[in-house]
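Descriptive structure summary
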Amino acid sequence: MPPKLPTNRDKAEDEEVEVLQAVILADSFNKRFKPLTIDRPKCLLPICNAPLLDWTLEGLALAGVQEVFVICRSHAEQVKVAIQKSKWSHSSTGLKIVPVMTAKETFSPGDAMRDIYTHGIITSDFVLVSGDLISNIRIDEVVRAHKERRKTNKDAIMTMVVKESGTAHRTRSKADSAVFVLDQDTSECLHYEPTTGYPPKKIAKIPRDILGTHPNIEIRNDLIDCSIDVPSLFQDNFDYGDIRRDFVHGVLTSDLLMKNIYCYVAKEGYAARVQDTRSYDAISKDILSRWTFPLVPDDNHPGDHAYDHLRGNKYIPKDNSVVLSRTCKIGNNTLIGPSTHVHDEAQVIASTIGARCSIGAGTVLRNAYIFDDVTIGPNCTLESCIVGAGVRIGESSRIARGSLVADGVKLGQGTVLRPFERVSRRKQKPAPMVGELVEDESDEGDADSELEEAEQNQTFLSQSLGPDSDAFVWPRRIAQKGNEDGDEKESDSFNNMRLMRLGDDFAELVPSDPGSITSEDERSSESDDEEVASQNASVASSATSLPPSLGVGVITASEQEFQTEVRLSLERAFSEGHSLENASVELKTLRMASNVPLRRVREAVVASIVERIPLVQDAVPQRAEIKRWVDRWGELINLIGGVDGVETVSILQYHCASSTRFHLFGQILAALYQNDIVEEEDIRHWHAQPEAKGEGIKNSALLENVQKTWIVGARMIHQLSEQDSEDEDSEESSGD
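Residues numbered from 1 in each chain as written. Predicted model: local features only at pLDDT ≥ 70, side-chain atom pairs only at ≥ 80, totals over all residues. Heavy atoms only, no water.

1. Some points on the sheet that holds strand β28 (residues 398–399)
Heads up, the rule is: Two strands are counted as paired when DSSP detects at least two bridges linking them. Helix numbers and strand numbers start at the N terminus; a helix is a DSSP run of H or I with at least 4 residues, a strand a run of E with at least 2.
Pairing in this open sheet of 6 strands is parallel, and the strands run β16-β19-β22-β25-β28-β31 from one edge to the other. Among the strands making up the open sheet, the edge pair consists of β16 (329–330) and β31 (416–417). Sheet topology note: the β28/β31 ladder contains 2 bridges and is parallel. Bridging across to β31, Ile 399 finds its partner in Leu 417.

Next comes the structure, spelled out in structure tokens:
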């Protein structure tokens, strides 16, 4: 007797018991959080005192997912242990989690998807997310819509979840966005075009045939990509590095695959990925502001602690283990972990603090993210930074914006970390656990070269560290003049990466003005723009007040950051009495790291010396102060990498013309001459230049001061000529 054919009722029952599966890509495939990710994977970094992976699992559980496969390569053993120790290991949660260690050759999402297919663990359409997703969207509804679509269209291989947002939404990436072209009737994604913040993209190129075959289309640049996908198990398209830029774009532009991708425009809910330090900050604020409800600290918090929600979005543990001094100040949008002690006069504003931390008296935390077991001494300032677990920060230290301090670092008293500094422990390569791969092995060549560079320059990179520090300072990434290999993606360029950094206001990066960032090669053809910038400059700014013929031009983002670093370096040298050799070596290192012209360094040195000279009422004491500073530090002007007396006098002239020390120009110039820092011929050549007279300057106040300094120079040249004449007469008399 032939077997009985399945009835429609049997099919319906099979659909009802079908398990909703999800795949989490635990690897980040980038180094934006390094050095925080040297010793642990990014998915285990805490956000609002719970690991990112736990937030992702919590969101999937709320959405009805029943089985999750966590795909991990780097630090895989840590991920497995973390899952085993979490609440998700209990069967009562209703969520089955299976860690899957991928092959050593897994370097991209495409490689990870190939491993998924090889293991044969997926049996139906599934949910694909990253291990840094924070979401309360009902993903089961997206899966249901995808399956219904698949019944009538087998070529519908994926559904992407997107959400409407304004251009200023803080979770909308300014560096990595996209233009979606959708069929208005079916929500099919007809065209996908990735965009970057820099260089800004103003034109989207839409294939002409789309307009002919689809009468109703929407061109959307107001969608946040939620990074939630519901793909079918595609087995022929693994050769891609990025799901959006490579896979989606490749499928939609291929004439051979003939597959369809759809968008699910979520009307409600929240979804965002912690892709970089700026989004880490934005999503932390969204959690504390309760945009992610019910995923909030006082309800469905993935960590082991329960919190009370107080007025102003302040969160304090319910176990009353926190000790708050009567004189401390706790600002809005703040979360404080259990067993933490905040001492007298300390301020915690828009920050999160982990468990078992100590915040010293008078210390200020503003927009700072502190992990567990951190001790911060008294009178410290931490702003817009991330501090790893077990860190010790000494008294009166300052951690500037954008800094990342890795687990276990010890910073001695008086440490001053510059903006966007990266610090880790000295020992960089501990023995990995059995079968474990460290994250940086995804790009061993780059990691080795960066480590080698850091080790070679550690003496200078670590000068800002206080005594008894146990820390390793990594070189900061800088803008490159050009990419010789031509293989750097626009999304990975320095200026675009700046849009992803915590604490970077990128004020000078105006999206509507792509010319605001120029390369050295471009400046030679932009004399008109430079002249306008020079003419409109304020008298208070010496750097932008120089005429175009002096070769200064528009100051780039990296140069502005460099000027701040040089100023801090010189302040340390002045206050701590560094030798001229050490000070010059540090300036050379900064210059090479920032790739700026030598003139910028000379400008910074001259300006710092001039502004450090105390103003004294009487002439004799004033000359003594000038002599003291020029005798001590004047030679630094010529030790920074090249001697150019004419340029030195020109820089001095324009700085004094823009400074409150304008009246000291003649005395400082004389002191430089007496110390052989500039020669008589240098002064004469400078005086003969048109720029010395102020030609090309339209700013009347600056022009007047420049002309006055030129007159002072003329008097000095006259005196030198008379002195030369007297010397000649004296020699002739002695000869007679």
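2. Here we look at the pattern of salt bridges
Cut-off, in case you're wondering: Between Lys or Arg on one side and Asp or Glu on the other, a salt bridge is scored when a side-chain nitrogen of the former is within 4 Å of a carboxyl oxygen of the latter. Relative accessibility under 20% of the residue-type maximum defines a buried residue, over 50% an exposed one, and the middle range a partly exposed one, all with a 1.4 Å probe and only protein chains included.
All chains considered together, the criterion is met by 34 salt bridges. One salt bridge in this structure joins Glu 164 and Arg 220, with 3.0 Å as the shortest N-O distance. Here the residue Glu 164 occupies a position in strand β6 (residues 156–164), and Arg 220 occupies one in strand β9 (residues 217–220), the gap between them amounting to 56 residues. With relative accessibility at 40%, the residue Glu 164 sits in the partly exposed group. Taking relative accessible area as the criterion, Arg 220 reaches 12% and is therefore assigned buried. Notably, a salt bridge pairs Arg 661 with Glu 611, separated by 3.3 Å at the nearest N-O pair. In this pair, Arg 661 sits in the loop between α20 (645–657) and α21 (665–674) while Glu 611 sits in helix α17 (residues 598–612), placing the two residues 50 residues apart along the sequence. A relative accessible area of 33% places Glu 611 in the partly exposed class.

3. Focus: the state of the cysteines
Here is the rule we go by: For the purposes of this analysis, a disulfide is any pair of cysteine sulfur atoms at a distance within 2.5 Å.
Throughout the structure, instances matching the rule amount to 0 disulfides. Cys 72 supplies the cysteine sulfur nearest to Cys 43, a cysteine that is in no disulfide, at a spacing of 7.3 Å. Looking at Cys 43, the relative accessible area reads 1%, which means it is buried.

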